[in-house]
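# Fold and geometry: a report
Listed below, chain by chain, are the residues.
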Amino acid sequence: MTGLGAVFRPQLPPERLREVVRLADASGLEELWLWEDCFREGGISAAAAALAWSERVRVGVGLLPVPLRNVAITAMEAATLYRLFPGRAILGVGHGVQDWMGQVGARVESPVTLLREHLDALRALLSGERLTTEGRYVRLDDVGLDWPPDGPVEILAGATGPRTLRLSGAAADGTILTAATAPDGVRRARQLIDEGRESAGRTEPHKVVVYLLTATGPDAAARLRAELADEGLESVPDLGVAGDAGTVAKAVERLAEAGADTVVLQPTGDEPDPEGFVRFAAEEVRALVP
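This section reports on the structure supplied with the text. (Residues numbered from 1 in each chain as written. Predicted model: local features only at pLDDT ≥ 70, side-chain atom pairs only at ≥ 80, totals over all residues. Heavy atoms only, no water.)

## Some thoughts on the packing of aromatic side chains
Enumeration over the complete set of coordinates arrives at three aromatic pairs. Relative to Tyr-211, the ring of Trp-35 has its centre 5.7 Å away and its plane inclined at 80°; by these criteria the two rings are edge-to-face. In this pair, Trp-35 is assigned in the loop between β2 (31-34) and α2 (43-52) and Tyr-211 in strand β9 (residues 207-215), connecting sequence segments 176 residues apart. When its relative accessible area of 11% is taken as the criterion, Trp-35 is described as buried. Geometrically, the ring pair formed by Phe-277 and Phe-280 is tilted, given 6.5 Å between the ring centres and 45° between the ring planes. Separated by three residues within a single helix, Phe-277 and Phe-280 lie in helix α10 (residues 274-285), roughly one turn from each other. Taken as a pair, Phe-277 and Phe-280 share a single burial class, namely buried. (Phe/Tyr/Trp six-rings, centres within 6.5 Å; stacked < 30°, edge-to-face > 60°. Helix = DSSP H or I, 4+ residues; strand = E, 2+ residues; numbered from the N terminus. Buried < 20%, exposed > 50% of the residue type's maximum accessible area, 1.4 Å probe, protein only.)

In structure tokens form, the structure reads like this:
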């Protein structure tokens, strides 16, 4: 079965999160995803609150920009969530939007190198290893977690370009693709991820999560067009979907057929009813997606 989720976009104030989380939990939504966009809401703090306010929905953070964090802090926070809420936290990391990283003095010369070092160290720390490493960016001296997760956990990586997609296949357990990824882009991403997996000798399943820009309601088509135009994506074919549950479900299926394991419905930034959007995903679209 194709996984289905929805995004709580950080254009909404943090105090709106509680009601959306409770609705997601009660409506049967499988996954609620949060973003750590600069300079809006903290991913870990929002995820901890969302997990505490709910009982069953899985909560993803896609993604945490690694230039902002020492990997030991990422590992400590991730392990805490995994232990407090077993099986319900999903964390993705990435090299972040470079302009934003520059604004805070965290931009690095080689974002891909930093992401590789961060992923390798993070996965080692979360598996209970005691680590000493002297990389270009990640340096640890006899660091180990007192409270690593009780069992194996998945770490996902956000990726767009070919080098990062191959890296994700080699060093992460799954990949997050942005809403700028059409079905053909998902197929190409899968090929590059598999190249990375093969180069690293990895044979375990690799989860692919894809955001799908989604609008529903009377003005859905206009809102979708406006958002694509704002992002400079209006000329890219097969991006986003506007319409009723049946139309959205077909768009989800096209992404699944292209290689997506989970499709996360991403409302437009001006979505007038975030709670209604979550209910729409959980109760109407889910029933139509095999």
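Having put the structure on the table, let's press on.
## Description of the nonpolar core
Considering soluble globular proteins, one finds that nonpolar side chains tend to be buried as a cluster. Of all hydrophobic cores here, the largest spans 79 residues; its most connected members are Leu-119, Leu-126, Leu-265 and Val-285. With nine residues, helix α5 (residues 111-126) is the single largest residue contributor to this core. Beyond its immediate chain neighbours, meaning those up to four positions away, Leu-265 contacts Leu-4, Gly-5, Ala-6, Val-7, Leu-212, Thr-214, Val-248, Val-252, Phe-277, Ala-281 and Val-285. (Core = buried A, V, L, I, M, F, W, Y, C linked by side-chain atoms within 4.5 Å. Contact = heavy atoms within 4.5 Å.)

## What to know about the pairing of strand β5 (residues 131-134)
A regular strand places its side chains so that they alternate between the two faces of the sheet. Here β5 runs beside strand β6 (residues 139-143); their pairing, made up of three bridges, is antiparallel. When the sheet's bridge partners are listed, Thr-133 is paired in β6 with Leu-140. (Pairing = 2+ DSSP bridges.)

## Some words on α10
If you check α10, its first and last C-alpha atoms are 15 Å apart, about what 12 residues at 1.5 Å a residue would give, namely 16 Å. Buried residues dominate α10, accounting for nine of its 12 residues. Of the positions making up α10, those classed as buried are Pro-274, Glu-275, Gly-276, Phe-277, Val-278, Phe-280, Ala-281, Ala-282 and Val-285. Buried-residue contacts for α10 involve β1 (3-8), α1 (17-27), β9, α9 (245-258) and β11 (262-267). (Expected span 1.5 Å × (residues − 1).)

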